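Coordinate inspection notes
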Amino acid sequence: MPNSNSPGFWSSSLTEADAISAGVEYSQLQISQKGDLYWVEQRPNEGGRCCICFELESQPGVQHELTPSEFSVQSKVYEYGGRSWALLDDALVFVNASDQQIYKQSFSGSCDVIQVTNQSNTRYIEPIWDESRDRLIAIQEVHADAGVINRIVAIGLSDGSVEVLVEGADFYSYPVINPQGSVLAFVSWNHPHQPWTSTQFSYLNLTSSELDVPIPVAGHNYEEALSQPYFSPKGELYVVTDRSGWWNVYRCDLDNHVLVPVEKESCDMISAPWQSGLTHYAETSSKVVSIHHKHEGSEVILDGASLAPEFNYFKSLVAVGDWVCVVAAAKDQLISVVKVNTETSQVRVVAGGCSPLMGADCSFAQPMTFSKAGSTCYGYFYSPANSQYSIDRSQAPLVVFLHGGPTAATYPVLNMKIQYWTQRGFSVLDLNYRGSSNYGRAYRNYLQHQWGIVEVEDIQSAIDELVELGFVDKGAVFVRGNSSGGFSALSAVYQLDCFAAAASLYGVTDPLVLDGCTHKFESNYLHWLIGDPVTEESVYRERAPLDNVDQINCPVIFFQGEKDRVVLPEQTRAMEKALKNRKIKVEAYYFADEAHGFRVADTAEVVLKKELEFYRSEMKMHSTGCGPSFRD
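Since the model is a prediction, treat every value here as computed from it, not as a measurement.

**Overview of the overall build of the protein chain**
Secondary structure summary: the protein chain contains 10 helices and 36 strands in total. Here the C-alpha radius of gyration of the protein chain, 24 Å, is about what a compact globule of 632 residues would show, namely 26 Å. With respect to the principal axes defined by its C-alpha atoms, the protein chain has extents near 80 × 55 × 50 Å. Here the protein chain holds 632 residues, and the buried ones make up 60% of them. Partitioning the contacts of the protein chain with sequence separation of at least 6, the portion at a separation of at least 24 is 57%.

Here it is, written out as structure tokens:
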């Protein structure tokens, strides 16, 4: 029988609450011309509430919170949201989570909040200030009886009036306006495409008395994914495109409709745009500064040199003058807001960034490459780490983490949810299977029509190599995934016979049902991932975990939000029932106030605790010979 010294059963002072409370997220940085820095904090201990905080240039080291407690700054456009606020001269505007309307908050006096828009069944995202006309420009999403309509609108700050500027495409993102207020650039795309497969880049002339028709610049051959247009303070227009095979920054010549590469590198300079309004590059007083994503870790590059090299993950980058501000993390530091002086190379952590684990108690990411039968995938391996115990790695149980998306990515940074497992004697493999972003367009496109196959091959390849290297106990391998990662985890357990148990967090169990009920943003994504559900229904059935329950022989634990509009709770209940009918051990936990992605700290703590107990129970059964027989 396992005891407290057995890997997987170690005790640790790192509790579930500690692991979750460390998960404060920072995003949506904006910086004023005076150098005052603003950002959004998402706080798990406040139910996932998002609030705007700031630090004045004149008071470094002093942080302030702006958002009143009754508000949360969060858009739900496209379900995944994104940038939800904007700076004005003496105020800011933000999208409020509960009603999705735009509010204005003054910086003077008592910082009063007044409502700007008031439209039912309507959401907003990516507000920007059209200063010369003292109005807002934003993406509007209207939920009507005939369907969901997305468009770019102008909003009167004084009366909340709404004027449609651009419409007709299925989706819009990244509206940006030049300093002169004469040109509005933006990205759009249509079904069946996603913003990481094919988008169009256009602009609109705002100076004529009547609205002109948008002028296309690039992407109308449907062979590239353009993103993140940006006007510099001098009025130069930039955009990111993957036409070279990598997401690189290009300068746009509007007179000739030509894109010229600013930095042509074999690396992605943005991540997959699941959210709108991301900012991964900017212009300082003299040069373009950008994030370069690489397998070993990300860099911020300015004029060929790396800024803040002590960090290896970056997002939400803004700049003014000689200052670059960015959200950053490292292998031994939690995510933080960082300010860098490009002239002196001075680096200062503004918010976050602590190191709760030190030395032998911290497991550092080991970048790994797995190759099999001519295919290559990537991941980060974490060995057990707890200074109270020593271990032969070949005796350590393994938990395989599968990210959602599936076109998302994981990074080699300090993640306290991973440390929760390594502290208890588990090894963790955080896998960037084929289809993940940050490895170029070709790698991202491996999943086209191959979802449920390619990533399972990569899971098998990675586990085989880790076993051959003596890094893990082949009799105690677990797999877990959230959202699409849950589908991949369940696909792995019905196709492979190497798992002691699995966990699905709001995971897809029946893609055919998902195709018929999911939201607009992803309503054609499965056509790309699997195929046409009408002409290829049999393929959907071949790949659905729910239709392959008879091939699942290991225990499964499920976690599901009752308010989930992406993966409906009925999918999880159907899978739970089918497994129980086969007498397979199942546990399922449903959370009344959670949607797609758990935001409440208590929920996340329950998930960690119950998942650990579930795995330990299977390890105990296996050690006594009472459990199922795992791979020889």
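Next comes the rest of the description.
**Considering the pattern of salt bridges**
Taken as a whole and judged by the stated rule, the model has 32 salt bridges. For Arg 135, the salt bridge identified is with Glu 163, shortest N-O distance 3.6 Å. Residue Arg 135 is located in strand 10 (residues 135-144), and its partner Glu 163 is located in strand 12 (residues 162-166); the two are separated by 28 residues in the primary sequence. Here Glu 457 makes a salt bridge to Arg 434, at a shortest N to O gap of 3.0 Å. Within this pair, whereas Glu 457 is found in helix 4 (residues 454-468), its partner Arg 434 is found in the loop between strand 32 (427-432) and helix 3 (441-444), the two being separated by 23 residues in sequence. Its relative accessible area of 43% is what places Glu 457 among the partly exposed residues. Connected through shared salt-bridge partners, Glu 41, Arg 43, Glu 46, Arg 49 and Glu 65 make up one network.

**Considerations on the packing of helix 4 against helix 5 (residues 484-495)**
At a minimum axis separation of 9 Å, helix 4 and helix 5 run at an interaxial angle of 65°. In terms of axis orientation, helix 4 runs roughly perpendicular to helix 5. As helix 4 packs across helix 5, the resulting crossing turns out to be right-handed. Contacts between helix 4 and helix 5 involve Glu 455, Val 456 and Ile 459 from the first element and Phe 487, Ser 488, Ser 491, Ala 492 and Gln 495 from the second. Its residues placed into classes, the contact of helix 4 with helix 5 shows four nonpolar, three polar and one charged.

**Things to note about the sheet that holds strand 3 (residues 49-55)**
If you trace the four strands from one edge of the open sheet to the other, you get 1-2-3-4, paired in antiparallel fashion. If you trace the sheet from one side to the other, it starts and ends with strand 1 (25-31) and strand 4 (64-65), each paired once. Where strand 1 and strand 2 (residues 37-43) come together, five bridges link them in antiparallel fashion. Paired with Tyr 26 across the strands is Glu 41, a residue of strand 2.

**What to know about the environment of Gln 551**
Mapped onto the secondary structure, Gln 551 falls in the loop between helix 8 (537-543) and strand 35 (556-561). Residue Gln 551 is classed as partly exposed on the basis of its relative accessible area of 39%. In this structure the C-alpha to C-alpha distance between Gln 551 and Ser 27, which are 524 residues apart in sequence, comes to 42 Å. Sequence-distant contacts of Gln 551, that is, excluding residues within four places in its chain, are made with Val 493 and Tyr 494. Polar contacts involving the side chain of Gln 551 include one to the side chain of Asn 548, which spans 2.8 Å.

**Focus on the pairing of strand 30 (residues 375-382)**
Pairing of strand 29 (residues 366-372) with strand 30 involves seven bridges; the strand directions are antiparallel. By the bridge assignment, Met 368 is partnered in strand 30 with Gly 379. Where strand 29 folds back on strand 30, the antiparallel hairpin that results is connected by two residues, among which Ala 373 adopts a positive phi of roughly 55°. Pairing between strand 30 and strand 32: five bridges, direction antiparallel. Residue pairing in the sheet places Tyr 380 in a bridge with Asp 430 of strand 32.

**Here we look at the side chain of Ser 491**
By the element assignment, Ser 491 lies in helix 5. Exposure remark for Ser 491: the relative accessible area of 0% places this residue in the buried category. Residues contacting Ser 491, with those up to four places away along its chain left out, are Gly 452, Val 456, Arg 543 and Pro 545.

**Concerning the side chain of Gln 419**
Tracing the sequence through the fold places Gln 419 in helix 2 (residues 416-422). Residues in contact with Gln 419, not counting those within four places in the same chain, are Leu 14, Leu 357, Asp 361, Cys 362, Ser 363, Tyr 382 and Leu 414.

**Focus: the nonpolar core**
Ranked by size, the top nonpolar core spans 145 residues in total, and within it Trp 421 and Phe 499 carry the most contacts. Of all hydrophobic cores here, the second largest spans 21 residues; its members include Ile 31, Cys 53, Tyr 313 and Val 320.

Conventions we followed
- Residues numbered from 1 in each chain as written.
- Predicted model: local features only at pLDDT ≥ 70, side-chain atom pairs only at ≥ 80, totals over all residues.
- Heavy atoms only, no water.
- Helix = DSSP H or I, 4+ residues; strand = E, 2+ residues; numbered from the N terminus.
- Rg over C-alpha atoms; globule rule 2.2 N^0.38 Å.
- Buried < 20%, exposed > 50% of the residue type's maximum accessible area, 1.4 Å probe, protein only.
- Contact = heavy atoms within 4.5 Å.
- Salt bridge = Lys/Arg side-chain N within 4 Å of Asp/Glu carboxyl O.
- Axes fitted to C-alpha atoms, helices over the stretch in contact; angles between N-to-C directions.
- Parallel < 35°, antiparallel > 145°, perpendicular 65-115°, else oblique.
- Left-handed = near helix turned anticlockwise from the far one by under 90°.
- Nonpolar A, V, L, I, M, F, W, Y, C, P; charged D, E, K, R; others polar.
- Pairing = 2+ DSSP bridges.
- Polar contact = N/O pair within 3.5 Å; in protein donor to acceptor, adjacent residues only side chain to side chain.
- Core = buried A, V, L, I, M, F, W, Y, C linked by side-chain atoms within 4.5 Å.

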